[in-house]
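Structure assessment
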Amino acid sequence: MKLKAILLICLLAMCLPANASAERKIPILIYHSIAEFKGHGAKELYVAPDEFEKQMLYLREHGFTPLTFEQWQEADQVAKPIFLTFDDGYKNNLTAFAIFQKLKTEGFTPKGTFFVISDFIGRSNRLSEADLKKLAASGIISVQSHTATHPDLTKVDNLEYELKSSKEAIERITGKPVIALSYPYGTFNKKVIAETKKFYEFGIATTPEYYVKSGAKDERYTLPRLYITYTTTLAEFAKIVEGK
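Residues numbered from 1 in each chain as written. Predicted model: local features only at pLDDT ≥ 70, side-chain atom pairs only at ≥ 80, totals over all residues. Heavy atoms only, no water.

Turning our attention to the nonpolar core. Within the largest apolar cluster, 49 residues are counted, with the highest numbers of intra-cluster contacts made by Tyr31, Phe52, Met56 and Leu59. Considering every element that reaches this core, the biggest residue donor is helix α3 (residues 93-103), with five residues. Ignoring any residue separated from it by four or fewer positions in sequence, one finds Leu59 in contact with Phe64, Ile82, Leu84, Phe108, Phe237 and Val241. One finds Ile28, Trp72, Phe83 and Ile204 within the second-largest nonpolar core, a separate group that totals 14 residues. (Core = buried A, V, L, I, M, F, W, Y, C linked by side-chain atoms within 4.5 Å. Buried < 20%, exposed > 50% of the residue type's maximum accessible area, 1.4 Å probe, protein only. Helix = DSSP H or I, 4+ residues; strand = E, 2+ residues; numbered from the N terminus. Contact = heavy atoms within 4.5 Å.)

Tallied over the full model, the rule gives one cavity of 30 Å³ or more. Lining the largest cavity are Asp88, Gly89, Val116, Ile117, Phe120, Ile121, Arg126, Leu127 and Leu132. Partitioning the lining of the largest cavity into residue classes produces six nonpolar, one polar and two charged. (1 Å grid on protein atoms, 1.4 Å probe; cavity = no way out; pocket = protein on both sides within 12 Å on 5 of 7 lines; lining within 4 Å. Points joined across faces, edges and corners; volume = space filled by probe spheres on them. Nonpolar A, V, L, I, M, F, W, Y, C, P; charged D, E, K, R; others polar.)

On to the side chain of Asp87, then. Here Asp87 shows up in strand β5 (residues 81-87). Other than its neighbours up to four places away in sequence, Asp87 contacts Ile30, Tyr31, His32, Phe115, His146, Ser182 and Arg225.

Positive phi is not limited to glycine here, since Asp88 has a value of about 90 degrees. Residue position: Asp88 is located in the loop between β5 and α3. Looking at Asp88, the relative accessible area reads 9%, which means it is buried.

If charged atoms from side chains of opposite charge come close, those side chains can pair. Across all of its chains, the model carries nine salt bridges by this definition. The shortest N-O distance in the salt bridge between Lys91 and Asp131 comes to 2.7 Å. Taken together, the positions of Lys91 in the loop between β5 and α3 and Asp131 in helix α4 (residues 129-137) put the pair 40 residues apart, joining distant regions of the chain. When its relative accessible area of 34% is taken as the criterion, Lys91 is described as partly exposed. Of the charged contacts in the structure, one is a salt bridge between Lys155 and Asp152, with a shortest N-O distance of 4.0 Å. Judged by relative accessible area, Lys155 falls into the exposed class, the value being 69%. (Salt bridge = Lys/Arg side-chain N within 4 Å of Asp/Glu carboxyl O.)

On to the pairing of strand β7 (residues 141-145). With five of five residues buried, β7 is to be regarded as a mostly interior element. Of the pairings in the sheet, the one linking strand β6 (residues 112-116) to β7 comprises five bridges and is parallel in character. Paired with Gly112 across the strands is Ile141, a residue of β7. A crossover connection joins β6 to the parallel β7 through α4; in handedness this β-α-β unit is right-handed. (Pairing = 2+ DSSP bridges. Right-handed = clockwise from strand over helix to strand, strands pointing away.)

The next subject is the environment of His62. With respect to the helices, strands and loops of the structure, His62 is situated in the loop between α2 (49-61) and β4 (65-67). Looking at His62, the relative accessible area reads 34%, which means it is partly exposed. Look past the residues within four positions of His62 in its chain and what remains in contact with it is Lys80 and Glu242. In terms of polar contacts, His62 uses its side chain to reach the backbone carbonyl oxygen of Tyr58, at 2.9 Å. (Polar contact = N/O pair within 3.5 Å; in protein donor to acceptor, adjacent residues only side chain to side chain.)

The side-chain alternation of strand β1 (residues 28-31) yields two buried faces, one formed by Ile28 and Ile30 and the other by Leu29 and Tyr31. Pairing analysis gives four bridges linking β1 to β5, with the strands arranged parallel. Counterpart to Ile30 in the pairing with β5 is Thr85.

Structurally, Thr206 can be placed in the loop between β9 (202-204) and β10 (226-227). Not counting residues up to four positions away in its chain, the partners in contact with Thr206 are Ile30, Tyr185, Gly186, Arg225 and Tyr227.

Okay, α3 next. Turning to α3, its buried residues number three or more, namely Asn93, Ala96, Phe97, Ile99, Phe100 and Leu103. For α3, the buried positions fall inside an angular range of 160 degrees around the axis, keeping them on one side. Those residues of α3 that are buried lie in contact with β2 (33-34), α2, β5, β6, α4 and β7. (Arc of directions from axis to C-beta.)

In structure tokens, the structure reads:
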């Protein structure tokens, strides 16, 4: 009986595709404002704080491990990795930080990546230098680049200013390495990728897909993300993060 069982296990293993582990779908979520919508801006770019807290509780209760891009290699070492990203550096992202702190337990550390526009730092509705220093020092938030002025990079001549100066400005403030760039509007082309590679280890787009490791050239510079919006229900959120 033991021999038959061993043979059966071997046969099953042979039938599995060699790249089965590589086909695991990893969700990279994109948020913007964590606040109640009060009629200003695009409603779908908001997520109400109570809904956001429910979403983070879902992650905690269902075994997810939130990671930042500095922990990219750890995605292969945990059962349910997930990346939580926030674009534009809005002041209300401090609400997300507060919820992360509230929900942190011995077995669950919520983490996120705040992509900030360096020339907008300190504006009335944006995170300040003091905010960014506090966030970066927390061990919960990774502060990364969303360029210097938020242009469509495919239409920019001086890419070095948008990419290099933003990286350097944020690093001066936080004292931490800036290794990831979120493309404004999610737009990029071969030239943008080539320039991004000079300064960053990751380029993050908004292609609405899961990340699936393929080994393709430059796959770290075309990372897809899944939008979480104002009208995303908790049931829909669960389907998104579970890959259903």
